[in-house]
Amino acid sequence: MVKTKKSSKSKKGVKKNRSKKAIKGGTLNTGFMDALRNANVDYIRENVRNMEDLSFEDASGYTPLDIAINGYNEVKPPEDVEEFERFVNYEKIIRILLENGANGENITLPFTFDLSKGNFEGINLQNANLLGVNFESANLTNANLQNTKLNYADLTNTNFTGANMNGTMIDGSNTTGANFSNTILSYEDDDDDDENARID
């Protein structure tokens, strides 16, 4: 059994992405942020591809992905119909942002969060806490998964081709049918010496 090396501990909750880019696009970006705060999934879906990038920050230093994850956590668990709708919409918005290139470095997603069958090619999820997340049949080709926690995740038929998985933790995960072609995993052997294994 491959044991991945331990990654450094990270604080709970959403961390601000480190990009210091000023807000560009004026009205477009302001409207996008307003739609995020209102969980307007239709607006996000229609306009996400018009954004120059998704690493800009609001006046408080939060990126679109930060706002979406915070909104999701604030309404969980939903207790009425309106809150449940916001909860579902934020779940959809997080997926949309990640599929369209949002920087997922250092993010934390809830256990069993559903990202199954998503296309996350080339995504940056370095140092992310994704314990128990459902990536069944997802595309993580060429993803940056350095020191990412994927323990107990559903990785059934997940495509990791070419992904950087140095320090990725996958103990307890279901990897049935997963594709690790040209992927490098760092792990500790029985003598606690760091090794590298290429899985073809």
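## So, helix 3 (residues 64–74)
- Counting buried positions along helix 3 gives eight out of eleven residues, so the element sits mostly inside the fold.
- Restricting attention to buried positions, one finds in helix 3 the residues P64, L65, D66, I67, A68, I69, G71 and Y72.

## Describing helix 4 (residues 81–99)
- In this model, helix 4 (19 residues) spans 27 Å end to end at C-alpha, consistent with the 27 Å of a helix rising 1.5 Å per residue.
- Those residues of helix 4 lying buried are F87, N89, Y90, I93, I94, R95, I96, L97 and L98.
- Two or three places before E82, at the opening of helix 4, D80 has a side-chain oxygen 3.3 Å from that residue's backbone nitrogen.
- After helix 4 finishes, the residue G101 shows a positive phi value of roughly 95°.

## Remarks on the packing of aromatic side chains
- Taken as a whole and judged by the stated rule, the model has five aromatic pairs.
- Seen in terms of ring centroids, Y72 and F87 are 4.7 Å apart; in terms of plane orientation they differ by 25°. Their pairing is stacked. Taken as a pair, Y72 in helix 3 and F87 in helix 4 lie far apart in primary sequence, 15 residues in all. This pair shows no difference in class: Y72 is buried, exactly as F87 is.
- Between Y72 and F113 the ring centres are 5.3 Å apart and the planes differ by 70°, which places this aromatic pair in the edge-to-face class. One end of the pair, Y72, is in helix 3; the other, F113, is in the loop between helix 4 and strand 1 (164–165), and 41 residues separate them in sequence. Take Y72 and F113: they sit in the same class, and that class is buried.

## Examining the nonpolar core
- Core analysis: the largest hydrophobic core is formed by 50 residues, its most contacted members being L97, L109, F135 and F160.
- Broken down by element, this core gets its largest block of residues, seven residues, from helix 4.
- Ignoring sequence-local partners within four residues, the contact set of L97 consists of F32, L36, V48, L54, P64, L65, A68 and A102.

## Some words on the environment of T112
- Note that T112 resides in the loop between helix 4 and strand 1.
- Assessed through its relative accessible area of 53%, T112 is described here as exposed.
- Put simply, T112 and F135 are 23 residues apart on the chain and 9.3 Å apart in space, counted from C-alpha to C-alpha.
- Apart from the residues within four sequence positions on either side, T112 is in contact with L131, G132, V133 and N134.

## Let's talk about the packing of helix 3 against helix 4
- Packing of helix 3 against helix 4 leaves a shortest axis separation of 9 Å and a crossing angle of 155°. By the criterion of interaxial angle, the relationship of helix 3 to helix 4 is roughly antiparallel. In the crossing of helix 3 with helix 4, the sense of the turn from one axis to the other is left-handed. Across the interface between the two elements, P64, L65, I67, A68, I69, G71 and Y72 from helix 3 touch F87, Y90, E91, I93, I94, L97 and L98 from helix 4.
- Looking at side-chain class alone, the contact of helix 3 with helix 4 contains twelve nonpolar, one polar and one charged residues.

The rules we used
Residues numbered from 1 in each chain as written. Predicted model: local features only at pLDDT ≥ 70, side-chain atom pairs only at ≥ 80, totals over all residues. Heavy atoms only, no water. Buried < 20%, exposed > 50% of the residue type's maximum accessible area, 1.4 Å probe, protein only. Helix = DSSP H or I, 4+ residues; strand = E, 2+ residues; numbered from the N terminus. Expected span 1.5 Å × (residues − 1). Polar contact = N/O pair within 3.5 Å; in protein donor to acceptor, adjacent residues only side chain to side chain. Phe/Tyr/Trp six-rings, centres within 6.5 Å; stacked < 30°, edge-to-face > 60°. Core = buried A, V, L, I, M, F, W, Y, C linked by side-chain atoms within 4.5 Å. Contact = heavy atoms within 4.5 Å. Axes fitted to C-alpha atoms, helices over the stretch in contact; angles between N-to-C directions. Parallel < 35°, antiparallel > 145°, perpendicular 65-115°, else oblique. Left-handed = near helix turned anticlockwise from the far one by under 90°. Nonpolar A, V, L, I, M, F, W, Y, C, P; charged D, E, K, R; others polar.

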